[in-house]
Amino acid sequence: MSAAASPRRIVLLRHAKADWPDVPDHERPLAERGRKEAPVAGLRLAELGIPFELTLCSSATRTRETWKLAAHELPHRPRTVYEERLYDATLGDLIALLNETPEDVDDVLLVGHNPAIHALADALAGESDGDARARMNRTGFPTAAIAVIAFSGPWKTVEHGVGRLVDFWSSHD
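The residue numbers shown here count from 1 along each chain, following its written sequence. Reporting of local features is limited, given that this is a predicted model, to residues whose pLDDT is at least 70; pairs of side-chain atoms are given and counted only at 80 or more, and all residues count toward the totals for whole chains, interfaces and linings. Think of the side-chain values as coming from all heavy atoms in the structure, minus any hydrogens and water.

In this section: the pairing of strand 3 (residues 79-83). When DSSP locates at least two bridges between a pair of strands, those strands are taken to pair. Labels follow the DSSP assignment, with helices taken as runs of H or I lasting at least four residues and strands as runs of E lasting at least two, numbered in each case from the N terminus. When strand 2 (residues 54-58) meets strand 3, the two strands line up parallel, connected through 5 bridges. In the sheet register, leucine 56 faces strand 3, and the bridge partner there is valine 81. Handedness of the crossover joining strand 2 and strand 3 through helix 2 (residues 61-71): right-handed. With its strands directed away from the observer, a crossover is right-handed exactly when the path from the first strand over the helix to the second travels clockwise.

Right, here's the structure in full:
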């Protein structure tokens, strides 16, 4: 598949609900609710039918646990890169990371944290299908929520307004 044949997709998954034990933030595990949310998000990812070739996952414990539980629900597990730069990332960091995506990859799943995940979805989505943006902004991108952004062109052209928010899903709706 090539970018000319169909749009590329960036799928954003915020980690599931994390616990607050007395550990460094990077090491916070999922809460019981998060261990239930993550597989539900995985089922939603499977329903989307997007053949992810690459998952970029924050190195934080809660994002790794979210991805492990969600990935079990997918028909095939994409290549996964645990990326230190996704933890505590800014909007600019996330765009820079997407700009580095290999051109032979059409669909990327990014597993990360708020506020950067919400900021990225909002920034990339120059357009939105239906009420997807209104739902995303109303809920504030809760834990285990998913946004799907489609765009055409090379990864190095990913920037503000380049895409279309085609779907937003949250189990909290």
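Okay, back to it.
Time to look at the side chain of threonine 55. Counting through the fold element by element, threonine 55 comes out in strand 2. With a relative accessible area of 0%, threonine 55 lands in the buried category. Contact criterion: two residues are considered in contact whenever any of their non-hydrogen atoms come within 4.5 Å of each other. Threonine 55 has contacts with Trp67, Pro78, Arg79, Thr80, Val81, Leu109 and Val111, leaving out every residue within four places of it along the chain. Relative accessibility under 20% of the residue-type maximum defines a buried residue, over 50% an exposed one, and the middle range a partly exposed one, all with a 1.4 Å probe and only protein chains included.

To continue, consider the packing of helix 3 (residues 91-99) against helix 4 (residues 116-124). Packed helices, taken two at a time, are described by their axes: the angle between them and the distance between them. Helix axes are fitted to C-alpha atoms over the stretch in contact, other axes to C-alpha atoms as well, and angles between N-to-C directions run from 0 to 180 degrees. Packing of helix 3 against helix 4 leaves a shortest axis separation of 9 Å and a crossing angle of 65°. Judged on the interaxial angle alone, helix 4 and helix 3 are roughly perpendicular. In this structure, helix 3 meets helix 4 at a crossing whose hand is right-handed. The segment helix 3 lies against helix 4, with Leu91, Leu94, Ile95 and Leu98 engaging Ala116, Ile117, Ala119, Leu120, Ala123 and Leu124. In this classification, Asp, Glu, Lys and Arg are treated as charged, Ala, Val, Leu, Ile, Met, Phe, Trp, Tyr, Cys and Pro as nonpolar, and every other residue, Gly included, as polar. Here the contact of helix 3 with helix 4 is composed, by residue class, of 10 nonpolar, no polar and no charged. Here the angle decides the label: under 35 degrees means roughly parallel, over 145 means roughly antiparallel, 65 to 115 means roughly perpendicular, and every other value means oblique. Handedness of a crossing is defined here by the sense of rotation of the near helix relative to the far one, left-handed for an anticlockwise turn of less than a right angle and right-handed for a clockwise turn.

Okay, the sheet that holds strand 3 next. Pairing is mixed across the open sheet formed by 7 strands, whose spatial order is 3-2-4-1-6-7-5. What marks the edges here is a single partner per strand, and that holds for strand 3 and strand 5 (125-128). Shown here is a sheet whose adjacent strand axes are inclined to one another by a mean of 25°, direction ignored.

This part covers the side chain of aspartate 106. Mapping aspartate 106 onto the fold places it in the loop between helix 3 and strand 4 (107-112). The term polar contact refers here to a pair of N or O atoms within 3.5 Å; inside protein, the definition further demands a hydrogen-donor-capable atom paired with an acceptor-capable atom, and it admits residues adjacent in sequence only when both atoms are side-chain atoms. Separated by 3.3 Å, the side chains of aspartate 106 and arginine 8 make a polar contact.

Note that phenylalanine 168 resides in strand 7 (residues 163-169). You can call phenylalanine 168 buried: its relative accessible area is 1%. Between the C-alpha atoms of phenylalanine 168 and asparagine 99, which are 69 residues apart in sequence, the distance is 23 Å. For phenylalanine 168, the contacting residues outside a window of four places in its chain are Ala132, Arg135, Met136, Thr139, Phe141, Pro142, Ala145, Ile146 and Ala147.

Turning next to the pattern of salt bridges. When a carboxyl oxygen of Asp or Glu is within 4 Å of a side-chain nitrogen of Lys or Arg, the pair counts as a salt bridge. Evaluation of the coordinates by the stated rule reveals 15 salt bridges. For aspartate 167, the salt bridge goes to arginine 44, with nearest N and O atoms at 2.5 Å. Taken together, the residues span a long stretch of sequence, with aspartate 167 in strand 7 and arginine 44 in helix 1 (residues 32-48) at a distance of 123 residues. There is no split in this pair, since aspartate 167 and arginine 44 are both buried. Here the salt bridges share partners, and the residues they tie into one network are Arg8, Glu103 and Asp106.

So, about the packing of aromatic side chains. Aromatic contacts are taken between Phe, Tyr and Trp rings whose centres are within 6.5 Å, Trp giving its six-membered ring; a plane angle under 30 degrees counts as stacked, one over 60 as edge-to-face, and the others as tilted. Counted by the stated rule, this structure contains 2 aromatic pairs. Considering the side-chain rings of phenylalanine 141 and phenylalanine 168, the 5.3 Å spacing of their centres and the 70° angle between planes classify their relative orientation as edge-to-face. Here phenylalanine 141 is found in the loop between helix 5 (132-139) and strand 6 (146-151), whereas its partner phenylalanine 168 is found in strand 7, with 27 residues between them in sequence. Neither phenylalanine 141 nor phenylalanine 168 differs from the other in exposure class; each is buried. With 5.0 Å between their ring centres and 70° between their planes, phenylalanine 151 and tryptophan 155 make a pair best called edge-to-face.

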